[in-house]
Amino acid sequence: MHRLYEIMSKRNVNLNIATNQQPRIPKILQSKTQQTEVFTQDWCLGIEESNFDIDLLDLTMDGMKKDQLVVEANNNINEDTSNITEEQDTEKEMVHPVGYSIHRSSSRPQLDLSGAAIQGNFEERDPIILLPNQSDDISHLALDIGGSLIKLVYFSRHEDRVVNDKNKSTEESFSVFNDNRSFPILGGRLHFVKFETAKINECLEFIHSKQLHRGDNDNAVIKATGGGAYKFADLFKEKLGVVIEKEDEMDCLVAGANFLLKAIRHEAFTHKEGHKEFVQIDHNDLYPYLLVNIGSGVSMIKVDGDGKFQRVSGTNVGGGTYWGLGRLLTKCKSFDELLELSQRGDNNAIDMLVGDIYGGLNYSKIGLSASTIASSFGKAISENKEIEDYRPEDISLSLLRMISYNIGQISYLIALQYGIKRIFFGGFFIRGHAFTMDTISFAIRFWSKGGARAMFLRHEGFLGALGAFMSYEKHVLDDLMVHQLVERNPMGDP
Ligand SMILES: Nc1ncnc2c1ncn2[C@@H]1O[C@H](COP(=O)(O)OP(=O)(O)OP(=O)(O)O)[C@@H](O)[C@H]1O
Ligand SMILES: CC(C)(CO)[C@@H](O)C(=O)NCCC(=O)O
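Rules used in this analysis
Residues numbered from 1 in each chain as written. Chains lettered and ligands numbered in written order. Predicted model: local features only at pLDDT ≥ 70, side-chain atom pairs only at ≥ 80, totals over all residues. Heavy atoms only, no water. Helix = DSSP H or I, 4+ residues; strand = E, 2+ residues; numbered from the N terminus. Buried < 20%, exposed > 50% of the residue type's maximum accessible area, 1.4 Å probe, protein only. Contact = heavy atoms within 4.5 Å. Near = heavy atom within 4 Å. Polar contact = N/O pair within 3.5 Å; in protein donor to acceptor, adjacent residues only side chain to side chain. Areas by Shrake-Rupley, 256 points an atom, 1.4 Å probe, with all protein chains shown as cover. Nonpolar A, V, L, I, M, F, W, Y, C, P; charged D, E, K, R; others polar. Core = buried A, V, L, I, M, F, W, Y, C linked by side-chain atoms within 4.5 Å. Salt bridge = Lys/Arg side-chain N within 4 Å of Asp/Glu carboxyl O. pLDDT = per-residue confidence, 0-100.

Colleague: Kindly report on the overall build of the protein, identifying the contributing residues and their values.
Modeller: For the protein, the helix and strand inventory stands at 16 helices and 20 strands. Split into buried and exposed, the 494 residues of the protein put 52% on the buried side. Sequence separation of 24 or more characterises 72% of the internal contacts of the protein that already satisfy a separation of 6 or more.

Colleague: Outline the site of ligand 2, supporting the account with residue identities and numerical values.
Modeller: In the vicinity of ligand 2, the contacting residues are Glu249, Met250, Gly297, Val298, Ser299, Arg311, Gly314, Thr315 and Asn316. Interatomic distance of 2.5 Å between a side-chain N/O atom of Glu249 and an oxygen atom of ligand 2. Here Ser299 contributes a side-chain N or O atom positioned 2.8 Å from an oxygen atom of ligand 2. Contact with the protein chains covers 56% of the free accessible surface of ligand 2, which is 390 Å². Tallying contributions element by element places strand 16 (residues 308-315) first for the shell around ligand 2, with three residues. Across the shell around ligand 2, the residue classes break down as two nonpolar, five polar and two charged.

Colleague: Kindly report on the nonpolar core, identifying the contributing residues and their values.
Modeller: Ile129, Leu143, Leu152, Phe236, Phe259 and Phe424 are the most contacted members of the largest nonpolar core, which totals 67 residues. Broken down by element, the residue count for this core peaks at nine residues, all from helix 9 (residues 249-263).

Colleague: Describe the pattern of salt bridges, and please don't skip the residues or the numbers.
Modeller: This model, assessed by the stated rule, comprises twelve salt bridges. Across the pair Lys223 and Glu247 runs a salt bridge whose closest N-O atoms are separated by 3.0 Å. Residue Lys223 is located in strand 10 (residues 221-225), and its partner Glu247 is located in the loop between strand 11 (243-246) and helix 9; the two are separated by 24 residues in the primary sequence. Judged by its relative accessible area of 12%, Glu247 is buried. Counted as one network, the salt bridges with shared partners bring together Glu340, Arg344, Arg391, Glu393 and Asp394.

Colleague: If you had to explain unusual backbone geometry to someone new, which residues and values would you point to?
Modeller: That bond from Tyr287 to Pro288 is cis: its omega, -5°, falls within 30 degrees of zero. With respect to the secondary-structure elements, Pro288 resides in the loop between strand 13 (275-278) and strand 14 (289-294). Even without being glycine, Gln211 reaches a positive phi, approximately 55°. Positionally, Gln211 belongs in the loop between helix 6 (200-209) and strand 10.

Colleague: Outline the site of ligand 1, listing residues and values.
Modeller: In the vicinity of ligand 1, 17 residues are found, and the nearest of them are Gly147, Ser148, Lys151, Ser296 and Gly319. Within the contact set of ligand 1, an oxygen atom lies 3.0 Å away from a backbone nitrogen or oxygen of Leu149. Between ligand 1 and Phe429 there is a distance of 3.3 Å, counted from an oxygen atom to a backbone nitrogen or oxygen. Against a free-state accessible area of 650 Å², the protein chains account for coverage of 89% of ligand 1. Residue assignment for the shell around ligand 1 shows that the elements contributing at least two residues are strand 6 (149-157) and helix 10 (319-330). If you tally residues by element for the shell around ligand 1, the top one is helix 10, at three residues. In terms of residue class, the shell around ligand 1 is made up of five nonpolar, nine polar and three charged.

Colleague: I'd love a proper account of the confidence of the model for the protein, names of residues and values included.
Modeller: Residues with a pLDDT of 70 or more make up 67% of the protein, whose mean pLDDT is 75. Contacts from residues 160-183, a stretch scored under 50 in pLDDT, to residues over four places away or in other chains number 37 contacts. Segment residues 481-494 is flagged for pLDDT under 50; beyond a separation of four residues in sequence, or across chains, it makes 41 contacts in the model. Reported confidence for the predicted complex is 0.99 by ipTM and 0.76 by pTM.

Structure below.
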């Protein structure tokens, strides 16, 4: 412990030392005017209609409803993740529970990612991440503005218990009292929200309605990555009066992925025949891995460490291709509608199978069964049929399969070229969709003859935004690693 203290002091890290004897003496929260959440009913409805993934707790309009939702959400969490909760409790007792906060010399509020954990059940996508040890009152918001979607990550403090108590001062509201001492309520959450880039005004309104652009000081700066950080910088200045501080997209993708893989349990999983299996990542054996980010286009990055990476390949046949071609061919109005169509599709109608060519037979000599797709969309060469003669469901499935399989196969080839066994897939194209993940996994398994495997991330689309979020403090991952030297507990799969 002494050695750890030394390391932490040198690194200026905010550390809560674990001891069973010490009383809980967290840092007193600096007095700070808390921003009020402003919601109009129209705004909330607007968001719901637009079908954005927004934290339900944030969509409530009155205190009553909010409280109810909080209770319901908490109940669900307790049921669905009881095993996680137990593990976390043990972990907390053993390590960062109580004790002194050793502060960094900087007076700037600091981000404390130690003990970060997912809130929510195992099926939930883009779940909230709890930051149980966050004591400084940070007002961080970060954006990843891509070709198709804008992703937001923002922090909110735990305040459910006290926020409705209008009689208390702000400082009281964020403190609990014990032995005449005032302690801050530790912790807060990371929220994940997305908007279509084409509807950037809705994103600006959202930020404004929650006052997320008001930073820790008057010169508000928002960290942002993705091409839109360049394209829309003036718009943010004009509409919100904030300066966009640009962070490199690849840096952010890697920082976000490393954070999730190192710090968040039950984040990475494999997918086979519709079943998800969580994977426990060994921090000492994480690198190298291939990160394949499937956004509008696809980036393939060989990751060798924190900030150590190389973008080794990419392909322009990606999520934008599926959504763009799919929209033209099926007249779908939304990406989710296109995905939903695919679930009712039968690709035999449009794909040319090995059996179609071989008179129903397998081509066993080269390992191809009759049902293997010989040529995606190959049946559409038929002169007797036009686009109207094909079902949109079948078109959507063929297209999804073609693009997913192709990305899986290219990823395998790149992994082979660099001798990498583990491939993590991110980006919003995946959308937690079982068929997409199964197809990618199949391609990797099939071509590597079982030697490599595909893994997916629950915060798949938010890697860049998370990386931008963490860039407020460049050394946060190093700090986290030091924490984890003492904080990690062995754990099994859920
Ligand atoms: N609601 C949605 N609207 C549009 N596309 C969606 C939606 N949900 C998922 N997608 C898919 O996600 C892709 C975009 O993924 P992502 O947000 O990771 O990339 P991006 O940052 O917009 O793109 P790039 O990084 O190439 O600039 C789309 O091309 C589409 O395939
Ligand atoms: C251009 C980016 C990096 C923007 O996110 C992405 O869309 C991409 O990686 N496209 C693929 C480009 C290529 O390597 O062919």
